[in-house]
Amino acid sequence: MPSDNDGIMIILSSPSGAGKTTLVSLLSKLENFEVSISHTTRKPRQNETQDKDYYFVTEEKFNRLIKNEEFLEYAKVFNNFYGTTRTPVIDKLDKGKNVLFDIDWQGADQIKNKRLDYKLITFFILPPSKEVLFQRLSNRDMKDKLIAEERMKQFSRDVLHWINYDYVVINENLDNCYSKIYNLIKAEINNGSKDYDPDFIREHVKKLTS
Ligand code: 5GP
């Protein structure tokens, strides 16, 4: 049962390569913040751990979770399925934990539309420029330039969803970006004043999409 002591939900989405996963991991170190661990049918990357980064599952298992209506949201992203199971999230929120979600715009839309009785803050993280994004994507998947190029194309489509988020934050410098998000969360929780300039963001998006 929702109450005043419940935790809040904080969604971070971004086009691939904007640094969102690092930000989520930094925020998860804050007292009373926990990350929602997603299920995915994607194969683990070398540095990833089962049950910590993701629950890596077969498509068969994923389909079973869909059928049993266990997902709060799920979506297909880059040919793989990703989803958030409902029970662990609600359990954390009911215990007063703030839950961080590293999910794409489709999942963010689904959670928003559920209109749960928990406070929700949504962030969309953007890279400082398309050039920087390409560099970041190329470094990550050195072996396969095609993946970087494919994700650049995906970027042009994903960036258009910025408009549906409460806040858009530019990740030029990790520390600054983290502080910006942290301060906005604090301001939201305490009903304080928010350091946020929507006009600046609109101009930045214009540059990224031109
Ligand atoms: P990656 O494969 O690089 O870890 O993630 C690819 C994309 O899937 C990222 O944008 C990430 O935020 C998103 N994603 C990860 N988990 C979930 C989830 O549970 N639901 C949705 N909708 N997207 C997710």
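Draft legend 1. Quick peek at the overall build of the protein chain. For the protein chain, the helix and strand inventory stands at eight helices and nine strands. At 17 Å, the protein chain has a C-alpha radius of gyration in line with the 17 Å of a compact globule built from 210 residues. Its C-alpha atoms put the protein chain at 45 × 45 × 30 Å along the principal axes. Relative to its 210 residues, the protein chain shows a buried fraction of 45%. For the protein chain, the proportion of contacts with a sequence separation of at least 24, taken over those separated by at least 6, is 69%. In the structure as shown, the protein chain presents an accessible area of about 12000 Å², 47% of it carried by carbon and sulfur atoms. Charge separation in the protein chain, taken as the distance between the mean sites of 32 positive and 32 negative side-chain charges, equals 3 Å.

Draft legend 2. View of the packing of helix α1 (residues 20-27) against helix α7 (residues 174-190). For the pair α1 and α7, the least separation of the axes is 10 Å and the interaxial angle reads 55 degrees. By the angle between their directions, the pair α1 and α7 is classed as oblique. Regarding α1 and α7, the two cross each other, and that crossing is right-handed. Of the residues in α7, those touching α1 at T22, L23, L26 and L27 are L174, C177, Y178, I181 and I185. Class assignment for the residues of the contact of α1 with α7 results in eight nonpolar, one polar and no charged.

Draft legend 3. Fine view of the sheet that holds strand β3 (residues 39-40). The sheet built from four strands is open, its strands ordered β4-β3-β6-β5 with mixed pairing. Pairing within the sheet leaves two strands with one partner each, and these edge strands are β4 (55-56) and β5 (71-77). Bridge count for β5 against strand β6 (residues 80-85) is six bridges, and the pairing is antiparallel. When the bridges of β6 are listed, F71 appears paired with T85. Along the sheet, helix α2 (residues 59-67) contacts β3, β5 and β6; its crossing angle with β5, the most-contacted strand, is approximately 140 degrees.

Draft legend 4. Structural view of the packing of aromatic side chains. Enumeration over the complete set of coordinates arrives at ten aromatic pairs. Three or more aromatic residues link up through ring pairs in this structure, and these residues are F62, F71, Y74 and F81. Between R151 and the ring centre of F78, over which it is positioned, the NZ or CZ distance is 3.9 Å.

Draft legend 5. Main features of the site of the ligand. Within the structure, the ligand sits among 16 residues, and S38, R42, Y54, Y82 and D102 are positioned closest to it. The side chain of Y54 places a nitrogen or oxygen atom 2.5 Å from an oxygen atom of the ligand. Here D104 contributes a side-chain N or O atom positioned 2.8 Å from a nitrogen atom of the ligand. In isolation the ligand offers 510 Å² of accessible surface; the protein chains occlude 94% of this area. Taken together, the elements giving at least two residues each to the shell around the ligand come down to β5 and β6. The class makeup of the residues in the shell around the ligand is five nonpolar, four polar and seven charged.

Conventions we followed
- Residues numbered from 1 in each chain as written.
- Predicted model: local features only at pLDDT ≥ 70, side-chain atom pairs only at ≥ 80, totals over all residues.
- Heavy atoms only, no water.
- Helix = DSSP H or I, 4+ residues; strand = E, 2+ residues; numbered from the N terminus.
- Rg over C-alpha atoms; globule rule 2.2 N^0.38 Å.
- Buried < 20%, exposed > 50% of the residue type's maximum accessible area, 1.4 Å probe, protein only.
- Contact = heavy atoms within 4.5 Å.
- Areas by Shrake-Rupley, 256 points an atom, 1.4 Å probe, with all protein chains shown as cover.
- Lys, Arg positive; Asp, Glu negative; His and termini not counted.
- Charge placed at Lys NZ, Arg CZ, Asp CG, Glu CD.
- Axes fitted to C-alpha atoms, helices over the stretch in contact; angles between N-to-C directions.
- Parallel < 35°, antiparallel > 145°, perpendicular 65-115°, else oblique.
- Left-handed = near helix turned anticlockwise from the far one by under 90°.
- Nonpolar A, V, L, I, M, F, W, Y, C, P; charged D, E, K, R; others polar.
- Pairing = 2+ DSSP bridges.
- Phe/Tyr/Trp six-rings, centres within 6.5 Å; stacked < 30°, edge-to-face > 60°.
- Lys NZ or Arg CZ within 6 Å of the ring centre and 35° of its normal.
- Near = heavy atom within 4 Å.
- Polar contact = N/O pair within 3.5 Å; in protein donor to acceptor, adjacent residues only side chain to side chain.

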